Amino acid sequence: MARPVRFNIHPILADTKDSISMVNMPEGHAGEGFFATKLSDVVGLARKNSMWPLPFATSCCGIEFMATMASHYDLARFGAERLGFSPRQCDLLMVMGTIAKKMGPILKQVYLQMAEPRWVMAVGACASSGGIFDTYSVLQGIDQVIPVDVYVPGCPPRPEAILDGFMKIQDLVGEERLRRRNGEGYKQLLESYGIQ
Amino acid sequence: MSLSNETIKAKLSEKFGDQVSNFQEPYGLLTFESPKEMNLKVMQFLYDDEELRFQFLTDLTAVHYPDKAAKELAVVYHLHNLIDNIRIRFKVFTDINSPDIFTAIQLYSSANWMERETYDFFGINFLGHPNLKRILNVDEMDYFPMRKQYPLEDQTRIDKDDAMFGR
């Protein structure tokens, strides 16, 4: 029997009451018609809720990331709706999967092409430590070639774990001092990786 | 099927006498060896002979036998007669201190990359190879990873939790 045709003439409007979350206002002084707070808080608020991730997916962790991006786990809830596939537009490098030693220079080049401020997340055992591939051809953790902000354990990690790592990144981004990237410590960190 | 392992063996013995030796047939695959200086002569004969016609090099690799003194490295050629559909395996052994073997590129063009790979992993020096450099590993690598002279794991490493890796 053919399915009856439904004419959507009486659409049910989505009940969004109390189900849309807004970020909290940063600490500050509010009065009638004005609100005063720190610039770094506002910048951090804006940055952390509009991350542009660059997925660098080489293996099975990338499959988990696809699930994370898709509607069920929905990374877009955290403001990371827009995946950029050009490093020049992105501020979060998500490395997912085994990085062979031959891939190391390419990963570093992708990192160098990203503009400051940039963050790096190592997803899964292989990207974090080489994982089970304790061998001559595999890089034993991407922190040998680029600095990493957040490590997500798991082989592969569940999408929840990737989301948790992403929220850790958001915390870092939100609390970052505006002058950190110009500071001496950051310069030394990059120099320890041979990055000018 | 005109060509049989016995025929191949007889023809080789007739041509090279004692120089080809150690004939075996594991799983029906005729296997033999010769001194490493003879590798091109033997393969040229296998290639040119009107009856043998082994004109296709299926595989070329090496094996490291750390316990065989002065014969540590074996270079293994898998040859295929496409007309009679017969395969044979041909080995030459070499000292690990002078792993020099003549290249087979003049006979089989497919030997080019396979010899580079064998050099990459076992350090066999193929004399006469036009471009003998690493093909799979990073260029900076200063060792030959498939030689059995490294511990399976570096016991001094501290960057991995032993309990997590079953040590």
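Further up the page is the structure itself.
The rules we used
- Residues numbered from 1 in each chain as written.
- Chains lettered and ligands numbered in written order.
- Predicted model: local features only at pLDDT ≥ 70, side-chain atom pairs only at ≥ 80, totals over all residues.
- Helix = DSSP H or I, 4+ residues; strand = E, 2+ residues; numbered from the N terminus.
- Rg over C-alpha atoms; globule rule 2.2 N^0.38 Å.
- Contact = placed C-beta atoms within 7 Å.
- Axes fitted to C-alpha atoms, helices over the stretch in contact; angles between N-to-C directions.
- Parallel < 35°, antiparallel > 145°, perpendicular 65-115°, else oblique.
- Left-handed = near helix turned anticlockwise from the far one by under 90°.
- Nonpolar A, V, L, I, M, F, W, Y, C, P; charged D, E, K, R; others polar.
- Pairing = 2+ DSSP bridges.
- Core = buried A, V, L, I, M, F, W, Y, C linked by C-beta atoms within 7 Å.
- Buried ≥ 20, exposed ≤ 12 C-beta atoms within 10 Å, placed from the backbone.
- Expected span 1.5 Å × (residues − 1).
- Arc of directions from axis to C-beta.

Along chain A, the regular secondary structure elements total 6 helices and 6 strands. Going residue by residue from the N terminus, the α and β elements of chain A occur as β-β-α-β-α-β-α-β-α-β-α-α. Here the C-alpha radius of gyration of chain A, 20 Å, is well above what a compact globule of 196 residues would show, namely 16 Å. Across its three principal axes, chain A shows a C-alpha extent of roughly 65 × 65 × 25 Å. Counting only contacts in chain A whose residues sit at least 6 apart along the sequence, the fraction spanning at least 24 positions is 77%.

Looking now at the packing of helix α1 (residues 39-48) of chain A against helix α5 (residues 159-175) of chain A. Residue and element names in this part refer to chain A. Running from N to C, α1 and α5 point in directions that differ by 155 degrees, and their axes come no closer than 7 Å. With respect to α5, the element α1 is oriented roughly antiparallel. Crossing hand, α1 versus α5: right-handed. Across the interface between the two elements, G44, L45, R47 and K48 of α1 pack against Q170, V173, G174 and E175 of α5. Of the residues belonging to the contact of α1 with α5, the class tally is 2 nonpolar, 3 polar and 3 charged.

Attention shifts here to the sheet that holds strand β4 (residues 92-96) of chain A. Residue and element names in this part refer to chain A. With parallel pairing, 4 strands are arranged side by side in an open sheet as β3-β4-β5-β6. Across the chains shown, the open sheet's two edge strands, defined by having one partner strand only, are β3 (53-57) and β6 (150-152). Recorded for the sheet is a direction-independent mean angle of 20 degrees between the axes of neighbouring strands. Here β4 runs beside strand β5 (residues 119-123); their pairing, made up of 5 bridges, is parallel. Bridge pairing in β5 links V95 to A122.

To continue, consider the nonpolar core. Ranked by internal contacts, the top residues of the largest apolar core, which has 36 residues, are A:L93, A:M94, A:V95, A:M121 and A:V123. Residue assignment for this core shows that the elements contributing at least two residues are β3, α2 (60-69), β4, α3 (104-113), β5, α4 (124-129), β6 and α5 of chain A. In this structure, B:L12, B:L30, B:I86 and B:A111 belong to the second largest nonpolar core, which totals 20 residues.

All right, on to the environment of B:K68 then. All names here are of chain B. Structurally, K68 is set in the loop between β3 (56-64) and β4 (73-81). The class of K68 is partly exposed, set by 13 C-beta atoms lying within 10 Å. Through-space distance from the C-alpha of K68 to that of S13 is 25 Å; in sequence the pair is 55 residues apart.

Our next topic: α5(A). Since the α-helix advances by 3.6 residues per turn, residues separated by three or four positions end up pointing in the same direction. All names here are of chain A. Counted at 1.5 Å a residue, the expected span for α5 with its 17 residues is 24 Å, and the 24 Å between its end C-alpha atoms agrees. Those residues of α5 that sit buried are I162, G165, F166, I169, Q170 and V173. Across the axial projection of α5, the buried residues extend over an arc of 150 degrees, all falling on one side. Summarising the geometry of α5, the exposed residues directed more than 90 degrees from the buried face are E160 and E175. Structurally, α5 contributes buried residues whose contacts are with α1, α2, β4, β5 and β6.

The next subject is the sheet that holds strand β2 (residues 30-34) of chain B. Residue and element names in this part refer to chain B. Taken in spatial order, the 5 strands line up as β1-β2-β5-β4-β3 in an open sheet, and their pairing is mixed. Two strands bound the open sheet, and with one partner strand each, they are β1 (21-24) and β3. Between one strand and the next, the sheet's axes are offset by a mean angle of 20 degrees, whatever the strand orientation. In this sheet, strand β5 (residues 86-94) lies alongside β4 in antiparallel orientation, the contact comprising 9 bridges. Note that in β5 the partner of Y77 across the bridge is F90. Those strands touched by helix α3 (residues 111-122) are β3 and β4, and its axis lies near 10 degrees from that of β3.

By themselves, these are just geometric observations and shouldn't be taken as functional.
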